[in-house]
Amino acid sequence: MRIGMMVGSDKERSRADRLAGVLADGKAAESAGFRSFWFPQVPGYLDAMTAMALLGASTTDIEIGTAVVPIQTRHPLILAQQALTTNTACAGRFSLGLGLSHEWIINGQLGLDYQRPVHVLRDYLDVLDAAFAGPGQVDVDNDSFRVHSPVDVADAAPAVLLAALGPAMLRLAGERADGTVLWMADERAIAEHVAPRLSDAAHAAGRARPRIVAGVPVALCHPRDVDAARGYAGEVLGHAHFSPNYVALLEHGDAEDVGDTMAAGDESAVLARLRSYRDAGVTDLAARIIPLGEDAEQRRRSWQRTAEFLASVVPQF
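The name given to the protein in an unreviewed UniProt entry is Luciferase family protein, with Mycolicibacterium vaccae ATCC 25954 as the source organism.

If you want it as structure tokens, here you go:
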């Protein structure tokens with residue numbers, strides 16, 4: 001299992017410092033030996049692919065990925081152009097994580113259609129596949145898109161990972177993508193629900209073993225603070241009940257909310273939880289550090305301690 005880092009919106013940084021902060025985080029992750037760096041498309045925050053293109057130009061070895069970009073906000077050919085450009089900036093180290101987001105964001109916040117999202121994604125991948133096949137003409141006519149346009153950006157395309165939570169999405173990720181990016185999935189959900197469906201679909205389609213990238217909150221703390229850390233993670237990261245897609249995923253495991261998926265406690269407890277994710281079938285663990293403390297300085301030190309510990313165990317996996 002490869003251990004990487006995942007970061008999100010950081011409201012403790014000033015707006016003027018947020019982009020520079022993400023780039024600094026990514027460069028620090030590479031220097032510390034993390035295998036990958038993942039950044040989500042958060043509503044109203046930094047544009048993920050723009051930030052990752054800049055990070056790619058200032059790093060040399062670390063994999064850089066989005067976890068994830070919703071498809072409804074970008075036409076597939078335009079997204080393909082941006083992803084190909086980003087992959088070029090990353091010297092071929094970019095992985096494009098795509099997802100369907102949630103109805104309360106796509107329809108409620110943006111006023112866009114959220115009908116038959118899996119069907120639309122299948123059509124979306126038709127366009128991406130054609131655009132990623134290499135420079136040339138893209139001709140796709142399906143239920144959702146009519147595209148007849150040239151693409152001449154780059155020879156190499158990024159890997160594609162889908163945020164796949166339910167059976168239909170897992171089948172699609174296995175058949176058409178390089179794997180999945182998960183959030184709010186515990187070990188039992190991965191071992192019994194995600195991994196078998198994903199692997200079976202990939203095998204049936206004649207594809208290579210799919211990747212399972214699991215976003216997991218992590219906090220190094222005293223054992224007495226574990227319950228508080230799990231509760232705080234839910235407040236910071238958003239509770240599952242806001243998104244029916246996550247509620248359905250949680251039903252396949254033992255976790256009831258995002259805090260229950262957390263690797264929290266002292267060094268031995270965190271290491272044991274990381275190993276349990278590996279044993280469940282996770283190929284790539286994206287650690288989302290949750291800093292703890294009463295003020296910004298305490299949280300900074302908490303974040304640093306957790307990051308240093310995670311970096312120290314990377315070679316063990």
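Chemist: Which parts of the structure should I look at to understand unusual backbone geometry?
Modeler: With the exception of glycine, the majority of residues adopt a negative phi angle, and the majority of peptide bonds are in the trans configuration. A cis amide bond, omega 0 degrees, links Ala-67 with the succeeding residue Val-68. Checked against the element boundaries, Val-68 lands in the loop between strand S3 (63-66) and strand S4 (69-70). Although it is not a glycine, Ala-91 sits at a positive phi angle of roughly 55 degrees. Among the structural elements, Ala-91 can be located in the loop between helix H3 (76-89) and strand S5 (94-99). Judged by relative accessible area, which is 64%, Ala-91 ranks as exposed. The phi dihedral of Met-184 is positive, around 65 degrees, even though this residue is not glycine.

Chemist: Looking at this model, I keep getting lost on the pattern of salt bridges. Mind explaining?
Modeler: Oppositely charged side chains are able to pair whenever their charged atoms sit close together. Under the defined criterion, the tally for this structure stands at 18 salt bridges. A salt bridge links Asp-47 to Arg-74, with the nearest nitrogen and oxygen atoms 2.4 Å apart. Of this pair, Asp-47 sits in the loop between strand S2 (36-39) and helix H2 (48-57) while Arg-74 sits in the loop between S4 and H3; the two residues are 27 residues apart in sequence, bridging distant segments of the chain. On the basis of relative accessibility, which here comes to 24%, the residue Asp-47 falls in the partly exposed class. Each of Arg-2, Glu-63, Arg-211 and Asp-284 takes part in a single network of salt bridges with overlapping partners.

Chemist: Sorry if this is basic, but what is going on with the side chain of Arg-18 here?
Modeler: As for its position among the elements, Arg-18 is in helix H1 (residues 15-32). No salt bridge is formed by the buried Arg-18; its nearest oppositely charged neighbour, Asp-10, is found at 6.7 Å. In this structure the side chain of Arg-18 is engaged in a polar contact, spanning 3.1 Å, whose partner is the backbone oxygen of Arg-13. Ignoring anything within four residues of it in the chain, the contact list for Arg-18 reads Asp-10, Lys-11, Arg-13, Tyr-45 and Leu-46.

Chemist: Just to check I follow, could you spell out the packing of H3 against helix H5 (residues 117-132) for this structure?
Modeler: Angle between the axes and distance between the axes: these two values describe a pair of packed helices. Packing of H3 against H5 leaves a shortest axis separation of 9 Å and a crossing angle of 40 degrees. Viewed along their axes, H3 and H5 adopt a mutual orientation that is oblique. Like other packed secondary-structure pairs, H3 and H5 cross with a definite hand, here right-handed. Only Tyr-124, Val-127, Leu-128, Ala-131 and Phe-132 of H5 make contact with H3, whose side of the interface consists of Pro-76, Leu-77, Leu-79, Ala-80, Ala-83 and Leu-84. Among the residues forming the contact of H3 with H5, the class breakdown is 11 nonpolar, no polar and no charged.

Chemist: What exactly am I supposed to notice about the pairing of strand S6 (residues 136-141) here?
Modeler: Looking along a regular strand, one sees side chains alternate from face to face of the sheet. The pairing of S6 with strand S7 (residues 146-151) spans 6 bridges and is antiparallel. Residue pairing in the sheet places Asp-139 in a bridge with His-148 of S7.

Chemist: Is there a simple way to explain the environment of Gly-134 in this structure?
Modeler: Looking at where Gly-134 falls in the secondary structure, it is placed in the loop between H5 and S6. On a C-alpha basis, the gap between Gly-134 and Asp-152 in space is 7.9 Å, while along the polypeptide they are 18 residues apart.

Chemist: I would appreciate a short explanation of the layout of surface pockets in the present structure.
Modeler: Over the atoms rolls a probe the size of a water molecule, and in doing so it shows where empty space is left. In this structure, the second largest pocket occupies an estimated 240 Å³ of space. Considering the residues around the second largest pocket, the lining is formed by 15 residues, among which Cys-221, Asp-225, Leu-292, Gly-293 and Ser-302 are closest to the centre. At 4 residues, helix H11 (residues 296-313) tops the list of elements feeding residues into the lining of the second largest pocket.

Chemist: What is the right way to look at H1 in this model?
Modeler: Since one α-helical turn is 3.6 residues long, residues separated by three or four positions face the same way. Taking 1.5 Å as the rise per residue, H1 with 18 residues should run 26 Å; its terminal C-alpha atoms sit 26 Å apart, in good agreement. For H1, the elements touching its buried residues are strand S1 (2-6), S2 and H2. Following H1 by one or two positions, Gly-33 has its phi on the positive side, about 100 degrees.

Chemist: Looking at this model, I keep getting lost on the packing of helix H10 (residues 267-280) against H11. Mind explaining?
Modeler: Orientation of H10 relative to H11, taken along the N-to-C sense of each, is 55 degrees, at an axis distance of 11 Å. With respect to H11, the element H10 is oriented oblique. Considering only the axes of H10 and H11, their crossing is right-handed. In contact with Glu-267, Val-270, Leu-271 and Leu-274 of H10, H11 contributes Phe-309, Leu-310 and Val-313. Counted by class, the contact of H10 with H11 contains 6 nonpolar, no polar and 1 charged residues.

Rules used throughout
- Residues numbered from 1 in each chain as written.
- Predicted model: local features only at pLDDT ≥ 70, side-chain atom pairs only at ≥ 80, totals over all residues.
- Heavy atoms only, no water.
- Helix = DSSP H or I, 4+ residues; strand = E, 2+ residues; numbered from the N terminus.
- Buried < 20%, exposed > 50% of the residue type's maximum accessible area, 1.4 Å probe, protein only.
- Salt bridge = Lys/Arg side-chain N within 4 Å of Asp/Glu carboxyl O.
- Lys, Arg positive; Asp, Glu negative; His and termini not counted.
- Polar contact = N/O pair within 3.5 Å; in protein donor to acceptor, adjacent residues only side chain to side chain.
- Contact = heavy atoms within 4.5 Å.
- Axes fitted to C-alpha atoms, helices over the stretch in contact; angles between N-to-C directions.
- Parallel < 35°, antiparallel > 145°, perpendicular 65-115°, else oblique.
- Left-handed = near helix turned anticlockwise from the far one by under 90°.
- Nonpolar A, V, L, I, M, F, W, Y, C, P; charged D, E, K, R; others polar.
- Pairing = 2+ DSSP bridges.
- 1 Å grid on protein atoms, 1.4 Å probe; cavity = no way out; pocket = protein on both sides within 12 Å on 5 of 7 lines; lining within 4 Å.
- Points joined across faces, edges and corners; volume = space filled by probe spheres on them.
- Expected span 1.5 Å × (residues − 1).

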